[in-house]
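One letter stands for each residue in the lines below.
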Protein chains: 2
Amino acid sequence: MPVTLRDVADHAGVSVKTVSNVVNGFRHVSPDTRARVQEALDRLGYQVNLSARSLRAGRTGIIALAVPELRQSSYFSELAGAVMQHAEERGLVVLIEQTLQSRQRELDVLSGARNRLVDGVIFSPLELGPDDLATAPAGLPIVLLGERVAAGGPLDHVSIDNVAAAREAVTHLLRIGRRRIAAIGLHPDERIGTAEQRFRGYAEALTGAGLPLRRELLGDTGPWHRENGAACMRALLARDPRPDAVFCFNDMLAVGALRELLRSGVRVPEDVALVGFDDVEEARFSTPSLTTVAPDLDGVARAAVGLLQSRISGDRPPGAPHTVTRQHRLVVRESTVGLPRP
Amino acid sequence: MPVTLRDVADHAGVSVKTVSNVVNGFRHVSPDTRARVQEALDRLGYQVNLSARSLRAGRTGIIALAVPELRQSSYFSELAGAVMQHAEERGLVVLIEQTLQSRQRELDVLSGARNRLVDGVIFSPLELGPDDLATAPAGLPIVLLGERVAAGGPLDHVSIDNVAAAREAVTHLLRIGRRRIAAIGLHPDERIGTAEQRFRGYAEALTGAGLPLRRELLGDTGPWHRENGAACMRALLARDPRPDAVFCFNDMLAVGALRELLRSGVRVPEDVALVGFDDVEEARFSTPSLTTVAPDLDGVARAAVGLLQSRISGDRPPGAPHTVTRQHRLVVRESTVGLPRP
DNA sequence: GACGTCACATACATCGTTGTAAACAACGTT
DNA sequence: AACGTTGTTTACAACGATGTATGTGACGTC
C-alpha cells in the first residue's frame, strides 16, 4: 500500500538509487531527470520509510525523555515542552517515558531495555543512585538531568546548583525576618538526590545565620505532589513551635501547603511566608503568588539536547563526561513580601 | 558494536532463525538448544534491533499524540500522562508532537509528514476544521480528540458532550442565583471547534432561563492560557454591567481570571462566582478551589488508544468511523458555593 | 586518436529481522 | 520396508533505503 522508492523509480523510468538521490538532494542529478523523478514523487505521494532508513543508517532520529511522570508535576511537563522544542530545532523527535517512581523502570531506562528504538536518552532519575547509574551500558548515549548525583560518574549531566539555589531561597526568608523556617519535601532515606541537595542548602542558610536545625520543622514527604504538600503542612501546623515560614522543595508542594494554610485561616505571608522551587507557571497565578526559584529551564533543555546530540553524532566518543550547570534566580512574589491590600 | 542475531547464532552454533525463534518464544525448539541459545543471548547481552523488526513487520509500536502544547496547558499534560499509561498497557509507546497553534503543523500531523515512523496518531486539533480533516490520507490511522468537529467525518473520534457539559456548568451558576454570567474563551472566528461547542452550551443555558445573550459579557481570547484569562477578566471588570459570575472555557482561563479578580479585591464567589472546565489538578488546590467540569480523562484516553489500536491491527479496516462520547460531571467547589469563613 | 576527467546513472550488497518452505530425524503405522 | 506424522532446524528471500563500486557517455587535452 505505501509507496516505495521502487514504485517511484518504475514510474519515472530510472533506477531506485536515482530516486533516492533526488529525495536526499544528492548533487549529481541532471535537472531533467530530477524534474521527472520529482514529478513522480509528487504524483505518487512518496514518503520515506523511516524504519528502513533507520536500519540502514543505524539511527532513528528519536530521543527519549524519561521523567517521573507528567500528570501531577507541572515541572516535568514544562521541561518536556522545552526539550521537545529544542529537539525539534535539531531535527529530533521526542518519545516520553514515565518512570512512575519505580526503581525497576528507571533501571530499564538506563539499560535501554525500555526503549531500543531511540538514539539516546535524557533522563531525570528519581530513585537511582550513583552506583546504579555507573552500570549504564556504554552503547546508549544518556544525559542526566536535575541533580548532581552523577558528578564524577560516567555520564553527561545538566543541572542547576540546587544547594546554592536553596540557600538563597532560605536566606531570603531570613532577610525578611523569619526565624522558624520549616522545610517541606525531605526524603530521609535519600543521601544524594535533589531532595538532599535542597535540604543541604536549607541547612547551610540556617546554620550560617546561627540558627539551629529543628526536627519539628522538617517535613518528610513522598512524591512532590500538591496533596503531599498539603498533608505535610497540616502536620507542621499542629506542631510546636509553629513555623513562620516554609521552604518547599518544589512548587507543587508549595501549592499544596498554601492551600492548607489558607484553609486553616493562616495568613500568607503575614503569619507564614512561603517559598517554592521550579517557577512553574502556576506559581505566578496563585494568590498570593509564589516566591520561587526559577531555573533556566530553556538553558537546561538546550544543553541537554546539545550534549546528547554530540554523543549521538559521535562528536564526543564515550567517556569524558561533561557537567553543565545552568543559572537560576530567586523570583520574589507575594508569598514572601505580601501585596498592598485593597 | 551492537549484538545481532548472527552473533548469537555463531556463538551458540545454530542458525540465525533458531535464535529468532528462541527470542520470540516459538514453540518447537528443543529444550536443549533453547537453553544453549538462551545462554548465548544472556552472555552477549542481545537486544533486538527494533528498526529491523519494524521494517520487517511494517509496524513500529509507536503512536503519536499530537496536542497544541504541553507547557502552558495542564490539561494536555494530564491527557498525555493518561494516554501514555493506556498505551503502555497495550505495548505501545508514545511520541508527543506539539502543534503550537500552527495550522501548518496540524496539517503536517494529519498528512503524516511530521511523523512517518508511527503506526497511528491521536490528534487533538485546534486550528483545523472538518474540511481539512477530510483530507486525511487513508494510510495513517488517526483518532481525533476533544471536539465533535468530525462527527460524520472519515475519522474515529473521542470526546465528551461539550455542549451539555457547558450547559450544566452555566445552569449551576443560574441555580445559585447569578444572572449576569460572562463567558471567557470565545474564539469568534471559529464555527465548529471546542470553543464554539462550549459557547453553545452557555448560550443554551441562558436562553433556556429566559436571559439574553449580552455582548458585554462575552470574552474573546486567543489561546486558553492563564494570562489570557487574566487579561480577559480585566476587560470584563471594566465593563457595564459587571458580571456576577464567569464561565471559563477551561481551567487555565479560570485560574487567570481568579487571579485577576482577587487582585482587584473582588470576592469569589460572593461578588463573582467562577466555573472552569477540565478539572486539572490545579483547580482543586487554588483558593478558592474551582468548580469545574471533570471529563472522564482516563475513559477518553483508554477509548482513544483502543480505537487507534483496532485500526492499526486491522481489526477495523478504513472507513466506518466510530464516535465515542465519554462521561463528564460538574465538580462543585468553593468558587461557586463558597466556604465557611473562619 | 588515445587518454584522463567529469557528470550522471546504475547494479549490487547490506543493515537485522522474520515468514515461508523445505530439509531432516525420529517415531509409529501399515 | 515403505509410508506418513510430528517435532525440530535450516536456507532463503524479503521488508525499503542507501553506500560503494562500477559503468557510460561527453568533454577537453596532449
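Since the structure is predicted, the reported quantities are computational estimates derived from the model, not experimental observations.

Criteria and thresholds
Residues numbered from 1 in each chain as written. Chains lettered and ligands numbered in written order. Predicted model: local features only at pLDDT ≥ 70, side-chain atom pairs only at ≥ 80, totals over all residues. Heavy atoms only, no water. Contact = heavy atoms within 4.5 Å. Buried area = accessible area lost by both parts, 1.4 Å probe. Salt bridge = Lys/Arg side-chain N within 4 Å of Asp/Glu carboxyl O. Polar contact = N/O pair within 3.5 Å; in protein donor to acceptor, adjacent residues only side chain to side chain. Helix = DSSP H or I, 4+ residues; strand = E, 2+ residues; numbered from the N terminus. Buried < 20%, exposed > 50% of the residue type's maximum accessible area, 1.4 Å probe, protein only. Axes fitted to C-alpha atoms, helices over the stretch in contact; angles between N-to-C directions. Parallel < 35°, antiparallel > 145°, perpendicular 65-115°, else oblique. Nonpolar A, V, L, I, M, F, W, Y, C, P; charged D, E, K, R; others polar. Domains from an automatic or database assignment.

The next point concerns the interface of chain A and chain B. With 55 residues of chain A at the contact, the number on the chain B side is 55 residues. Between chain A and chain B the total buried area reaches about 4,600 Å² when both faces are included, carbon and sulfur atoms providing 56% of it. In terms of surface lost to chain B, no three residues of chain A exceed A:Arg71, A:Arg259 and A:Phe285, which account for 17% of the buried area on that side. One can count eight salt bridges joining chain A with chain B. A salt bridge links B:Arg105 to A:Glu88, with the nearest nitrogen and oxygen atoms 2.6 Å apart. For the interface between chain A and chain B, the tally reads 17 residue pairs in polar contact (both at pLDDT 80 or more). If you list the elements that add at least two residues to the side of chain A that touches chain B, you get helix H4 (50–57), helix H5 (74–89), strand S2 (93–98), helix H6 (103–111), helix H10 (226–237), helix H11 (251–263), helix H12 (281–285) and helix H13 (297–312) of chain A. By residue number, the principal contributor to the side of chain A that touches chain B is H5(A), which donates eight residues.

Residues and elements named next belong to chain B. Position of Thr-291 relative to the elements: it lies in strand S10 (residues 291–295). A polar contact is formed between the side chain of Thr-291 and the backbone nitrogen of Arg-333, at a distance of 2.7 Å. In contact with Thr-291, not counting residues within four places along its chain, are His-172, Leu-274, Val-275, Gly-276, Leu-330, Val-331, Val-332, Arg-333, Glu-334, Ser-335 and Thr-336.

So, on to helix H2 (residues 16–23) of chain B. Residues and elements named next belong to chain B. Within H2 the residues assigned to the buried category are Val-19, Ser-20, Asn-21 and Val-22. Against the buried residues of H2 lie helix H1 (5–12) and helix H3 (31–44). In the segment just after H2, Gly-25 is the residue with positive phi, at about 65°.

Another aspect to go through is the packing of helix H1 (residues 5–12) of chain A against helix H2 (residues 16–23) of chain A. All names here are of chain A. Between H1 and H2, the shortest axis-to-axis distance is 8 Å and the interhelical angle comes to 105°. Our classification of the angle between H1 and H2 gives roughly perpendicular. Residue-level contacts link Leu-5, Arg-6, Val-8 and Ala-9 of H1 to Val-16, Val-19, Ser-20 and Val-23 of H2. Of the residues that constitute the contact of H1 with H2, the class distribution is six nonpolar, one polar and one charged.

The next point concerns the domain arrangement of chain A. A common way to state how big an interface is: give the accessible area lost once the parts meet. Residues and elements named next belong to chain A. Segmenting chain A into domains produces domain 1 (5–48), domain 2 (62–160 + 296–326) and domain 3 (162–295 + 330–337). Here the C-alpha centre of domain 3 lies 28 Å away from the C-alpha centre of domain 2. Contact with domain 2, which involves 15 residues of that partner, is made by 19 residues of domain 3. Summed over both partners, the interface of domain 2 with domain 3 comes to about 1,400 Å²; 52% of that surface belongs to carbon and sulfur atoms. By the criterion of area lost to domain 3, the three top residues of domain 2 are Gln-72, Tyr-75 and Ile-160, representing 38% of everything that side buries. Inspection of the region where domain 2 meets domain 3 yields zero salt bridges. On inspection of domain 2 and its partner domain 3, the count reaches six residue pairs in polar contact (both at pLDDT 80 or more). For the side of domain 2 that touches domain 3, the element with the highest residue contribution is H5, accounting for three residues.

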